Amino acid sequence: MANENATISKSKKHESLDFDELERQLQESLDEQMADLDFLDEQKEQIGDPDALGNVILNTVWEQFTNQIAIQAGEDFIKDNNMLKLDLSNDAHIQTTDNFEYGKLATHNTNTDYKEKYDKYMGQFKTDPNEEYKYKNSKNHKYDEKTKTWSYYNEKKGIWEPKERYNDKKGVWESYDKIDGEWKKKIKDNSVRKPYDEGRPVGKNGNHEDHQVSAGEIIRDPSANAFMSEKERVDFAISDKNLNELDSSANESKNDHNGEKWAKHEREKGSQGEGQTNAEFFGLDEDEYVEKDRKARKEYEKLKNDAEERARVEGKKSQKAETLRVGKKAARAVVMTLLAELIKKIIAKFILWLKSAKRNLKSLLKYVKDAIVTFVLDLKNNVVNVADTAVTVIAMSILGPVVNTIKKAWMFIKQGWMSLKKSIEYIKDPRNKNKPIGILMMEVGKIIIAGLTAGGTIVLGEVIEKGLITIPLFAVEIPLFGSLASIIGMFMGAIVLGIIGALAINLINSLIAKKQKAQLTKEKIEKGNEILTTQDKIRDVAIAKTDKAKEDVINSISKRHMEASEVLRDALETIKENGETDYEDIDHSEEIAEMDQRIRKLLEE
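Computed from a predicted model, the values in this text were never measured in an experiment.

Here is what the cut-offs are and how they apply
- Residues numbered from 1 in each chain as written.
- Predicted model: local features only at pLDDT ≥ 70, side-chain atom pairs only at ≥ 80, totals over all residues.
- Heavy atoms only, no water.
- Pairing = 2+ DSSP bridges.
- Helix = DSSP H or I, 4+ residues; strand = E, 2+ residues; numbered from the N terminus.
- Expected span 1.5 Å × (residues − 1).
- Buried < 20%, exposed > 50% of the residue type's maximum accessible area, 1.4 Å probe, protein only.
- Arc of directions from axis to C-beta.
- Polar contact = N/O pair within 3.5 Å; in protein donor to acceptor, adjacent residues only side chain to side chain.
- Salt bridge = Lys/Arg side-chain N within 4 Å of Asp/Glu carboxyl O.
- Axes fitted to C-alpha atoms, helices over the stretch in contact; angles between N-to-C directions.
- pLDDT = per-residue confidence, 0-100.
- Contact = heavy atoms within 4.5 Å.
- Core = buried A, V, L, I, M, F, W, Y, C linked by side-chain atoms within 4.5 Å.
- Phe/Tyr/Trp six-rings, centres within 6.5 Å; stacked < 30°, edge-to-face > 60°.
- Lys NZ or Arg CZ within 6 Å of the ring centre and 35° of its normal.

Concerning the pairing of strand β3 (residues 159-167)
Regular strands have side chains that alternate between both faces of the sheet. Relative to β3, strand β2 (residues 149-154) is paired through six bridges, and the arrangement is antiparallel. Residue pairing in the sheet places N154 in a bridge with I159 of β3. Linkage of β2 to β3, two consecutive antiparallel strands, is achieved through a turn of four residues, within which G158 is found at a positive phi near 70°. As paired elements, β3 and strand β4 (residues 172-177) share four bridges and run antiparallel to each other. When the sheet's bridge partners are listed, E164 is paired in β4 with S175. In sequence, β3 turns back onto β4 through a hairpin of four residues, with G171 there showing a positive phi of about 65°.

Some thoughts on helix α15 (residues 361-377)
In this model α15 runs 24 Å from its N-terminal to its C-terminal C-alpha over 17 residues, within 8% of the 24 Å that 1.5 Å per residue would give. Listed in full, the buried residues belonging to α15 are S363, A371 and F375. The buried side chains of α15 occupy one side of the element, clustering within an arc of 125° when seen end-on. What points out from α15, more than 90 degrees from its buried face, is the exposed set L361, K362, L365, K366, K369, V376 and L377. Two or three places before K362, at the start of α15, stands the capping residue N360, its side-chain oxygen 3.2 Å from that residue's backbone nitrogen.

So, the pattern of salt bridges
One side chain can pair with another of opposite charge once the charged atoms of both are near each other. All told, the structure shown has 32 salt bridges when counted by the stated rule. Across the pair K120 and E116 runs a salt bridge whose closest N-O atoms are separated by 3.6 Å. Taken together, the positions of K120 and E116, both in helix α6 (residues 114-122) and four residues apart, correspond to about one turn of that helix. By relative accessible area, K120 is classed as exposed at 57%. Note on E116: relative accessible area 42%, which makes it partly exposed. Its salt-bridge partner being D221, residue K304 comes within 2.7 Å of it at the nearest N-O pair. One end of the pair, K304, is in helix α14 (residues 286-355); the other, D221, is in the loop between α8 (215-220) and α9 (222-227), and 83 residues separate them in sequence. Note on K304: relative accessible area 8%, which makes it buried.

What about the sheet that holds strand β1 (residues 141-144)?
As summarised here, the arrangement of the five strands in space is β1-β2-β3-β4-β5, forming an open sheet in which the pairing is antiparallel. Looking along the sheet, the strands with just one partner apiece sit at the ends: β1 and β5 (182-185). Here the strands of the sheet are splayed against their neighbours by 30° on average, with no regard to which way each runs. In the sheet, β4 pairs with β5 via four bridges, with the strands oriented antiparallel. Counted as the bridge partner of S175 is K184 from β5.

Comments concerning helix α10 (residues 230-237)
Every buried residue of α10 is listed here: R233, V234, F236 and A237. All buried residues of α10 fall inside an arc of 160° around its axis, so they share one side.

Remarks on the confidence of the model for the protein
It should be kept in mind that the predicted coordinates are not to be read in detail where pLDDT is low. Residues at a pLDDT of 70 or more form 62% of the protein, whose mean pLDDT is 77. Here helix α1 (residues 2-15) stands out as the element of the protein with the lowest mean pLDDT, 47, in contrast to α9, whose mean of 97 is the highest. Note on residues 1-14: pLDDT is under 50 here. Beyond four places in sequence and across chains, it has 14 contacts.

Observations concerning the nonpolar core
Judged by nonpolar contacts, the single largest core of 27 residues is most densely connected at F125, Y196 and I218. At the level of elements, α6, α8, α9, α10 and α14 are the ones that each hand at least two residues to this core.

A few points about the environment of G275
Looking at the secondary structure, you find G275 in the loop between α12 (259-264) and α13 (278-281). Spatially, the C-alpha atom of G275 lies 9.3 Å from that of H265, the residues being 10 residues apart in sequence.

Description of the packing of aromatic side chains
How two aromatic rings sit relative to each other is set out by the distance from centre to centre and by the angle between their planes. Tallied over the full model, the rule gives 12 aromatic pairs. Ring centres of F236 and Y300 lie 5.1 Å apart, and the angle between their planes is 20°; on these two criteria the pair is classed as stacked. Of the two residues, F236 sits in helix α10 while Y300 sits in helix α14, which places them 64 residues apart along the sequence. In this structure F236 comes out as buried when scored by relative accessible area, which is 4%. Among the aromatic residues, ring-to-ring pairing joins F100, Y118, Y121 and F125 into one connected group. The residue whose ring lies beneath K163 is Y152, and the NZ or CZ to ring-centre distance is 5.1 Å.

Pasting the structure below:
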């Protein structure tokens with residue numbers, strides 16, 4: 001009985017433990033420890049592996065290559081755009097009168113050379129701000145340095161009146177017209193008027209007919225000079241709608257004045273015909289003369305407006321043409337970038353094919369297919385690259401060569417930031433937290449050297465390019481790729497800095513390789529001991545599970561023995577009780593059958 005109680009007590013102790021759950025947890029722990037051991041093996045193999053440096057340099061060179069495609073596309077656009085940078089603004093294509101007068105020209109307009117028109121226009125006037133004037137020693141004239149204006153003293157009125165000035169904004173000398181009440185550009189000499197006088201017919205009185213809208217007004221008019229050809233201006237000037245017969249004295253008096261203002265102007269005090277209008281003094285029908293002047297001006301304005309509208313339509317066409325021009329260059333660069341990315345992936349797969357055991361046409365086609373599938377699936381990065389290329393083309397077209405410098409500087413900064421970021425990630429990686437600080441910092445140094453090597457490739461490539469570009473042979477432009485000097489500079493920079501970076505990293509590796517391997521060996525031993533300990537625990541649990549199974553069997557047998565004893569005890573007591581009577585007179589078949597059934601049941605359990 002004592003042994004049975006001890007067995008039951010031990011069994012209850014085992015029942016408080018879940019051996020299956022404990023075994024499961026230990027197995028999971030063992031799997032994790034084995035994975036850590038595999039990681040340590042991989043780390044040991046990667047010590048001194050130059051592939052990381054090679055990938056960094058390859059990616060940097062490739063980025064420069066795709067960047068050069070965009071830069072070259074921008075340069076080609078500028079060449080095709082008459083050496084002008086991209087400008088789709090209205091002012092760059094659609095000329096306005098105000099802009100023309102102040103020298104702000106629609107230089108991107110491909111239909112009209114407004115620079116040539118403006119130079120001819122300004123060539124008709126006096127434009128030298130340092131020009132000497134005959135008034136310099138005159139007592140009746142004075143010069144205001146601040147306003148650059150000459151004034152003369154009107155003795156009849158007893159006041160100083162403006163005479164001439166230099167207009168800084170327009171870059172021209174101007175005379176003040178008292179009759180028209182405005183400043184007018186000073187015409188250089190009479191040769192400027194010659195085209196307007198040569199075809200002018202002679203009137204009945206033997207004098208040249210007068211221009212209603214004067215030649216001087218047409219010459220000075222920025223709108224007419226911007227939008228009408230010289231022939232159109234002269235044809236209008238000598239047309240029937242603009243000519244009017246005046247006698248020589250009236251013609252001379254009218255000069256370049258506005259016809260209506262001249263006709264209505266009262267003659268000055270002290271002059272002949274004082275107090276009369278010019279129309280009255282010269283015997284003209286004022287209403288008739290003014291009506292002729294208005295009709296001539298109406299025709300003149302119509303011709304100018306029609307010409308300006310034609311110029312506006314041409315400007316819109318020019319604007320559209322430049323948009324298409326830069327769009328074609330950007331599209332070409334985008335296609336080339338996508339093609340370059342596809343080629344890069346095919347090359348990478350081709351290298352894997354060369355390393356594979358089975359090198360045949362079928363396997364090669366499979367690798368090429370995988371490269372194409374990867375290219376298609378990597379749509380997000382491809383879209384980013386395409387967008388960057390398109391933006392670079394547009395920026396290059398707008399800003400010019402400075403974009404190339406900015407892009408290279410950005411690549412250098414980005415590479416430095418990526419190295420710093422990777423270093424921080426490496427230090428913060430939980431798997432590296434137990435590494436000795438010396439080894440940890442040297443590993444970070446390798447990451448930084450790889451980044452500096454890639455960044456230095458850009459700088460050295462630029463230096464080599466500038467050195468070679470002075471040699472005519474290396475200045476030859478290769479379509480889509482730029483000059484021969486830039487290509488050689490880019491790859492030589494990558495090779496030289498790649499070798500230097502590899503040597504530097506190998507030097508670091510030679511200093512830390514032994515420590516790393518020793519440390520890794522130590523960690524592997526510790527990890528192996530952990531694995532052995534865990535395996536021992538699993539074995540102990542298995543033994544404990546076996547002991548528990550034995551105890552359960554023993555307890556079950558003991559329990560059945562006890563129940564059998566009770567059954568027998570009850571049977572004996574019944575027999576004893578029945579023995580006191582005449583046993584043969586009593587039928588015991590039912591009691592015997594019941595006892596037999598209970599014994600059989602215990603045995604079955």
